[in-house]
Amino acid sequence: MDKAGDLTARVVTSLTYGVFSRHPGKEFDEVLARRQHYASPRINTDSVKIFVDGVLEGETAALVDPYTGMGKHRGELNLAPAELNAAVQRFDAMGLQVHMHAIGDGAVRAGLDAFAAARKANGATDNRHHISHLQLIHPEDVPRFAELNVSANFQALWAYPDTWIMDINLPVVGQERVNRMYPIGSVKQAGGRIVAGSDWDVSSADPLQEIETALRRSDIQRQDGAVLNADERVDLETMLAAFTREGAWLMHHEELVGTLTVGKRADLVVLDRNLFKIPPDQISGARVVMTLLDGKVVYEKP
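Residues numbered from 1 in each chain as written. Predicted model: local features only at pLDDT ≥ 70, side-chain atom pairs only at ≥ 80, totals over all residues. Heavy atoms only, no water.

As for the nonpolar core
Part 1 of the reasoning: Counting 51 residues, the largest nonpolar core has Ile 50, Leu 84, Val 88, Phe 91, Met 100, Ile 131 and Phe 145 as its most contacted members.
Part 2 of the reasoning: Tallying contributions element by element places helix 3 (residues 105–122) first for this core, with 7 residues.
Part 3 of the reasoning: The residues touching Met 100, leaving out its near neighbours within four places in the chain, are Ile 50, Val 52, Leu 84, Val 88, Gly 111, Ala 114, Phe 115, His 130, Ile 131 and Ser 132.
Part 4 of the reasoning: Leu 56, Val 172, Val 178 and Tyr 182 belong to the second largest nonpolar core, which has 16 residues in total. (Core = buried A, V, L, I, M, F, W, Y, C linked by side-chain atoms within 4.5 Å. Buried < 20%, exposed > 50% of the residue type's maximum accessible area, 1.4 Å probe, protein only. Helix = DSSP H or I, 4+ residues; strand = E, 2+ residues; numbered from the N terminus. Contact = heavy atoms within 4.5 Å.)

A look at the sheet that holds strand 9 (residues 268–271)
Part 1 of the reasoning: In space, the 3 strands of this open sheet follow the order 9-10-11, with antiparallel pairing throughout. Single-partner strands in this sheet number two, and they are strand 9 and strand 11 (296–300). Strand-to-strand twist of the sheet, defined as the mean angle between neighbouring strand axes without regard to direction, takes the value 20°.
Part 2 of the reasoning: Here 4 bridges tie strand 10 (residues 288–293) to strand 11, and the two strands are oriented antiparallel to one another. Paired with Leu 292 across the two strands is Val 297, which belongs to strand 11. (Pairing = 2+ DSSP bridges. Axes fitted to C-alpha atoms, helices over the stretch in contact; angles between N-to-C directions.)

Describing the environment of Ala 190
Part 1 of the reasoning: Tracing the backbone shows Ala 190 in the loop between helix 7 (184–189) and strand 8 (194–196).
Part 2 of the reasoning: Taking the relative accessible area as the measure of exposure, Ala 190 reaches 31% and is therefore partly exposed.
Part 3 of the reasoning: Ala 190 sits 16 residues away from Asp 206 along the chain, and the two C-alpha atoms are 27 Å apart.
Part 4 of the reasoning: The residues contacting Ala 190, other than those within four sequence positions of it, are Val 142, Pro 143 and Ala 146.

If you want it as structure tokens, here you go:
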């Protein structure tokens, strides 16, 4: 698509290592070694993804403390800590970005431990590692995102008390842990870098819906819905930066895009209203009028 001039996005691909890898054993290393074959001006192939744990809905997310009413069961790490540490150290030394899936606070801690081990082994690098999802982060680990320069990649659209959280998660983790789910505000207050993701096609990729949810922490389809820990709300500036400046930085594109700056590429989205002049509960109703990539219109509303 890029060679044909049809790719209207900037892309970082992640080669999955371990669980869910499409390339088992030696095949993974063979594909990794020839990754530049698939690179192009708009496609960066220098990233590896690791699924550190599962999900709370199946009690496979790894927790620091046991699941409620399930004895000593704490979920599962897909890689033993020593194996995870070794993998992250290896990829970090190769100059690769590591992208982690981590749902439970035990998995987040294991991921941060692996990044700390890589820093100890390799020194500080500019590989810009990040952890996605972060449904639970133990309070003791919140400051570590800033300390280790690991980006917190939240899917803000999930940060409200939906039926998944209240009917499925609550019985197995308890109210205290539900109250600290998706701690966007806490990581921000501790100096961590907030980046916004969608996990599409699991859920919507609409940034406007995610921004409104992050500001309200309630169901954007309702005006009077329940709130998931109001203390974790963040402001509009934080979420706009998460989708623009911080996302560009994570992709190593901060010199090209991410801010409205003379000399950068004109990757722009034009909205039909000023988000700073409307109430938060109207943000998801805004619509894209025009999108430009490298200054060329790639979408225009009829």
